[in-house]
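# Structural features, examined
What follows is each chain in one-letter form.
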Amino acid sequence: MHSTLISTSGLAAHLDDASWVVCDCRHDLADAESGRRAYAESHIPRARFVHLDEDLSAPKTGKNGRHPLPDPDKLVQRLGEMGIDGAKQVIAYDSSGGPYAARLWWMLRWLGHDAVAVLDGGWNAWAKAGNPVTAKFPAIQPAKFIARPRPGLARDAKTIADGMAKPAPLLVDARAPNRFRGESETLDPVAGHIPGAANRFFQLNLDANGSFKQPDALRQEFEAVIGAKAPSDVVHYCGSGVTACHNLLAMEAAGLSGSRLYPGSWSEWCSDPSRPVARGSVEQGPHS
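Quantities reported herein were computed from a predicted structural model and do not represent experimental measurements. (Residues numbered from 1 in each chain as written. Predicted model: local features only at pLDDT ≥ 70, side-chain atom pairs only at ≥ 80, totals over all residues. Heavy atoms only, no water.)

## A short note on the side chain of R175
For the record, the criterion: Secondary structure elements are defined from DSSP: runs of H or I of at least 4 residues count as helices, runs of E of at least 2 residues count as strands, and each element is numbered from the N terminus. Residue exposure (1.4 Å probe, protein chains only): buried if accessible area is under 20% of the type maximum, exposed if over 50%, otherwise partly exposed. Polar contacts, as counted here, are pairs of nitrogen or oxygen atoms within 3.5 Å of one another; within protein the pair requires one atom able to donate a hydrogen and one able to accept it, and residues that are adjacent in sequence qualify only if both atoms are side-chain atoms. Contact criterion: two residues are considered in contact whenever any of their non-hydrogen atoms come within 4.5 Å of each other.
Mapped onto the secondary structure, R175 falls in the loop between β6 (170-173) and α8 (177-180). Judged by relative accessible area, R175 falls into the buried class, the value being 2%. A distance of 2.7 Å separates a polar atom in the side chain of R175 from a polar atom in the side chain of D173. Looking at R175, its side chain comes within polar contact range of the main-chain oxygen of G192, at 2.6 Å. Among all residues touching R175, those that are not within four sequence positions of it are F180, E185, G192, H193, N199, F201, Y237, C238, G239 and W266.

## Re the packing of aromatic side chains
Going by this rule: By convention, a stacked pair of Phe, Tyr or Trp rings (six-membered ring in the case of Trp) has centres within 6.5 Å and planes under 30 degrees apart, an edge-to-face pair has planes over 60 apart, and any other such pair is tilted. Look at NZ for Lys and CZ for Arg. If either is within 6 Å of the ring centre and within 35 degrees of the ring normal, a charge sits over the ring.
Applying the stated criterion to the full structure yields five aromatic pairs. Between Y39 and F49, the ring centres sit 5.6 Å apart and the planes meet at 35 degrees, which makes this aromatic pair tilted. Of this pair, Y39 sits in helix α2 (residues 34-41) while F49 is found in strand β3 (residues 48-49), placing the two residues ten residues apart along the sequence. The exposure class of F49 is buried, given its relative accessible area of 11%. Seen in terms of ring centroids, Y39 and F137 are 5.3 Å apart; in terms of plane orientation they differ by 45 degrees. Their pairing is tilted. Taken together, the residues span a long stretch of sequence, with Y39 in helix α2 and F137 in the loop between α6 (122-128) and α7 (157-163) at a distance of 98 residues. Taken together through their ring pairs, the aromatic side chains of Y39, F49 and F137 make up a single cluster. Looking at R200, its charged tip hangs above the ring of F222, at a distance of 4.6 Å from the centre. Over the aromatic face of W269 sits the side chain of R275, whose NZ or CZ is 5.6 Å from the ring centroid.

## Quick word on the sheet that holds strand β2 (residues 20-24)
Short version of the rule: Pairing between strands is defined by DSSP: at least two bridges between the two strands are required. Between N-to-C directions, angles span 0 to 180 degrees; the directions come from axes that are lines fitted to C-alpha atoms, helices contributing only their stretch in contact.
Spatial strand order, β1-β5-β4-β2-β3: five strands in an open sheet with parallel pairing. Where the open sheet ends on each side, the last strands, each with one partner, are β1 (5-6) and β3. By the bridge criterion, five bridges tie β2 to strand β4 (residues 89-93) in an arrangement that is parallel. Residue pairing for β4: V22 is matched across the bridge by I91. Across the face of the sheet, helix α5 (residues 99-110) comes into contact with β2, β4 and β5 (116-119) while running at roughly 175 degrees to β5.

No statement about biological role is implied by the geometric values presented.
So this is what it looks like as structure tokens:
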């Protein structure tokens, strides 16, 4: 079973394996249809397309973040439609270094399915290696996905806020440093971060080729961020619960297992003016 990352050669050896399901998660936050267009043009054989907004998120209310978790029952139905059941090995890929694929990876684990891995290097590495690609849509045999939910893998805003008054888990923010410090915010109405959070930009998990760094390197870098905290005392967040999954995946690949996700992330947190916000290295009170 592959449960974190898989190489392009590892996937290539199973392209005709009916017990493997490949999911194309390509997406662009600035162009929500770009992934679907790219998939229609060319994709890994037998891959089915998974849309971040339509399949991996619930409708936005203005208070639940930009990519709230979908209703579990609806997600279970969609996974079955894609031919995923408990016996399937799922492989997810994107063309952005892995954050969208990591979102599907985390959500399957959230529902109790561990046989899911992210294609290391994604679409770019697959194509560069000269592996097969196609524009043909696969014939999908629907399956019955049975969820075994693990609600403890997620933390909500109330849990995060309540933790500020007592020894709390370490929050790790996956956004770029300038967004973390509140110097530039292009996606959400309020700039800054949750007080007490550390910053680990998700792209630092990748090497110059766009693949994940070696486990030992990732472990050393994350241990520098989390210090004496156990992985189970770490909660990841980002802007909307997507790139945070990349950090969570990187920790798992490094052998630092058990960290959690705050799916609502900054976009949910900052939607409530009563919640505190920090900018730069100075923590501030409730924002206006």
